[in-house]
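Spelled out, the chains give:
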Amino acid sequence: MTLIKWHGVPKLVDRKVEDEERRAKWIAILQSGKAASSIKEWTTEEEAALIKAEDEPMLMKETVLGCLKMQQKQELMVTFRAMSAEEKATFWAEIDGGNGGEVEEGKVDEGECKNGQEGP
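Just so it is clear, the structure is predicted and the values come from calculations on it, not from any experiment. (Residues numbered from 1 in each chain as written. Predicted model: local features only at pLDDT ≥ 70, side-chain atom pairs only at ≥ 80, totals over all residues. Heavy atoms only, no water.)

Attention now goes to the packing of helix H4 (residues 64-82) against helix H5 (residues 85-96). It is the contact of H4 with H5, at a shortest axis distance of 8 Å, that shows an interaxial angle of 130°. As far as their axial angle goes, H5 and H4 are oblique. Only Lys 88, Phe 91 and Trp 92 of H5 make contact with H4, whose side of the interface consists of Leu 76, Phe 80 and Arg 81. Its residues assigned to classes, the contact of H4 with H5 comprises four nonpolar, no polar and two charged. (Axes fitted to C-alpha atoms, helices over the stretch in contact; angles between N-to-C directions. Helix = DSSP H or I, 4+ residues; strand = E, 2+ residues; numbered from the N terminus. Parallel < 35°, antiparallel > 145°, perpendicular 65-115°, else oblique. Contact = heavy atoms within 4.5 Å. Nonpolar A, V, L, I, M, F, W, Y, C, P; charged D, E, K, R; others polar.)

Structure below.
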């Protein structure tokens, strides 16, 4: 039915009434000799680009996940620079000797609200 849509024949609403009308329009399209648009053929350059993309390893920075990871690192650096000396020391202690930098699920620090915002 895509070809009928391409020729501008409206979609069916009442099947019984419009079926004959669409059939008549389809016969008119066939008799007019109007062809549908042609599809661009796949070129050797496009095939070579596909093969190259399949063979080369994808860099992490070229993926959405890689971009998000880089963005989070940048945000961490901005946050770290905004910390006081005491907060930085606590941060480093957590990374160096705490629980490996991982926070237990459901555990909320005293200075953090449950919605992730800093407390008063």
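On inspection of all chains with the given rule, the structure shows three aromatic pairs. Between the aromatic rings of Phe 80 and Trp 92, the centroid separation amounts to 5.9 Å while the plane-to-plane angle is 80°, which identifies the pairing as edge-to-face. Separated by twelve residues along the polypeptide, Phe 80 in helix H4 and Trp 92 in helix H5 bring together distant segments of the chain. With relative accessibility at 45%, the residue Trp 92 sits in the partly exposed group. Here Phe 91 and Trp 92 contribute two aromatic rings whose centre-to-centre distance is 6.0 Å and whose plane-to-plane angle is 70°, an arrangement assigned as edge-to-face. Owing to a relative accessible area of 23%, Phe 91 belongs among the partly exposed residues under this scheme. A network of ring pairs unites the aromatic residues Phe 80, Phe 91 and Trp 92 as a single cluster. (Phe/Tyr/Trp six-rings, centres within 6.5 Å; stacked < 30°, edge-to-face > 60°. Buried < 20%, exposed > 50% of the residue type's maximum accessible area, 1.4 Å probe, protein only.)

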